[in-house]
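Listed here are the chains, written in short residue letters.
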Amino acid sequence: MEPSQPFPRTSPGRSFLKVNEAAEYLGISPHTLYVWRHRRKGPPSFRMGANGRVMYRLAALDAWIREQEAADSRSNLDLDPTKKPRRFRSGGTVTA
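Residues numbered from 1 in each chain as written. Predicted model: local features only at pLDDT ≥ 70, side-chain atom pairs only at ≥ 80, totals over all residues. Heavy atoms only, no water.

A regular strand places its side chains so that they alternate between the two faces of the sheet. Pairing between strand β1 (residues 16-18) and strand β3 (residues 53-57): three bridges, direction antiparallel. Within β3, the position partnered with K18 by the bridge is M55. Note: strand β2 (residues 46-48) against β3, three bridges, orientation antiparallel. Paired with R47 across the strands is V54, a residue of β3. Here β2 hands over to β3 after four residues, with G49 in that stretch at a positive phi of 85 degrees. (Pairing = 2+ DSSP bridges. Helix = DSSP H or I, 4+ residues; strand = E, 2+ residues; numbered from the N terminus.)

Dropping the structure here:
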């Protein structure tokens, strides 16, 4: 799927996902989401309601996925390390 296209939604009209739903949406385990949340990594989440259920905004998940794609040198050719000039420890560059 192209990055400019929206990701498929789990059901029409849903804006928020529970941990299990968000994990399924991302294709990872709920445990991974809990670990990321504990380490303050991964997609943004928040507590909702009196019981403080952890929730994920669907739009935030989509934005986080786009950020991951943009930060990956395999998806973003501007970050491809093979296109940068080689550097030596002295700071010089290779000349052809």
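Another aspect to go through is the packing of aromatic side chains. Evaluation of the coordinates by the stated rule reveals two aromatic pairs. Between F16 and F46, the ring centres sit 5.9 Å apart and the planes meet at 80 degrees, which makes this aromatic pair edge-to-face. A residue pair is termed long-range when its members are at least 10 positions apart, and F16 in strand β1 and F46 in strand β2 qualify at 30 residues. Arranged with centres 5.5 Å apart and planes meeting at 50 degrees, the rings of W36 and W64 form a pair that is tilted. In this pair, W36 sits in helix α2 (residues 30-38) while W64 sits in helix α3 (residues 58-71), placing the two residues 28 residues apart along the sequence. (Phe/Tyr/Trp six-rings, centres within 6.5 Å; stacked < 30°, edge-to-face > 60°.)

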